[in-house]
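Fold and geometry: a report
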Amino acid sequence: MESKFLLLLGPSGVGKTEIIKRLRSYDERFVYISPYMTRKLRKGEVDKVPVSAKELDRLVREKKILVVNTLYRVRYATPKGAIEEAFQVGKFPVLDWPMSRIGVMEENFPSRLFRVYVETADVETLRERLSNDDRDPQKLRLNAGIAEFEQLQRGEFDAHIDFRIVNPQGEIEATAKRIYEQYLQAVGENP
């Protein structure tokens, strides 16, 4: 069995963070690839590493970073070493990832990805989930999510998705279990 890098794709508000928590509770082989970021941790946030812009620039120069994404005015960096280490010891690296940057992962891990797109049933559900987000006063996440939902519906991402799943409100456990089953099948294990 060769593990794969599990990428959870989809807009803000679809439950990717909670799904990752569930996956890690089901199987200790899942390792969240903690991104570096140029903002402080939010209350309750533990799986990200805050760094200064200067420190992030140094890591990039030293080629310790796979890619830097800028989302909502914050820079997020994916460390190369953590992914490589997870593969070396037979772990299952997992990360939530922006659809707009899927090419970076496809280029770096062409045969080692399992790409799961998590979505809401419709754009109204997405709007409900994000409309009260106090982290998004200018509605940047909401507008980006609606645009991505429309692209998904037009089939623009089909070539970049291995498994697509709707995460209904209140069904995070069932959604995570289904993703877990599909992942195990993708790596050649019986669920």
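Residues numbered from 1 in each chain as written. Predicted model: local features only at pLDDT ≥ 70, side-chain atom pairs only at ≥ 80, totals over all residues. Heavy atoms only, no water.

With respect to the packing of aromatic side chains
Inspection of every chain in the model, using the stated rule, returns nine aromatic pairs. Ring centres of F114 and Y183 lie 6.1 Å apart, and the angle between their planes is 75 degrees; this geometry places the pair in the edge-to-face category. Within this pair, whereas F114 is found in strand 8 (residues 113-119), its partner Y183 is found in helix 7 (residues 172-186), the two being separated by 69 residues in sequence. On the accessibility criterion, F114 (7% relative accessible area) is buried. A network of ring pairs unites the aromatic residues Y26, F30, F92, F114, Y180 and Y183 as a single cluster. Lying over the aromatic face of F87, R112 brings its terminal NZ or CZ to 3.7 Å of the ring centre. (Phe/Tyr/Trp six-rings, centres within 6.5 Å; stacked < 30°, edge-to-face > 60°. Helix = DSSP H or I, 4+ residues; strand = E, 2+ residues; numbered from the N terminus. Buried < 20%, exposed > 50% of the residue type's maximum accessible area, 1.4 Å probe, protein only. Lys NZ or Arg CZ within 6 Å of the ring centre and 35° of its normal.)

Considering the confidence of the model for the protein
Here the protein averages 92 in pLDDT, and 96% of its residues register 70 or above. Within the protein, the lowest mean pLDDT, 85, falls on helix 5 (residues 123-131), and the highest, 98, falls on strand 1 (residues 5-9). (pLDDT = per-residue confidence, 0-100.)

A word on the environment of R73
Structurally, the position occupied by R73 is in the loop between strand 5 (65-71) and strand 6 (74-79). A relative accessible area of 65% means that R73 is categorised as exposed. Between the C-alpha atom of R73 and that of F114, which follows or precedes it by 41 residues, the distance is 28 Å.

Digging into the nonpolar core
Ranked by internal contacts, the top residues of the largest apolar core, which has 46 residues, are F5, L6, L7, M105, V116 and I179. Among the elements that take part in this core, helix 7 stands out by supplying six residues, more than any other. Counting five residues, the second-largest nonpolar core is a separate cluster that includes V51, L56, L59 and I65. (Core = buried A, V, L, I, M, F, W, Y, C linked by side-chain atoms within 4.5 Å.)

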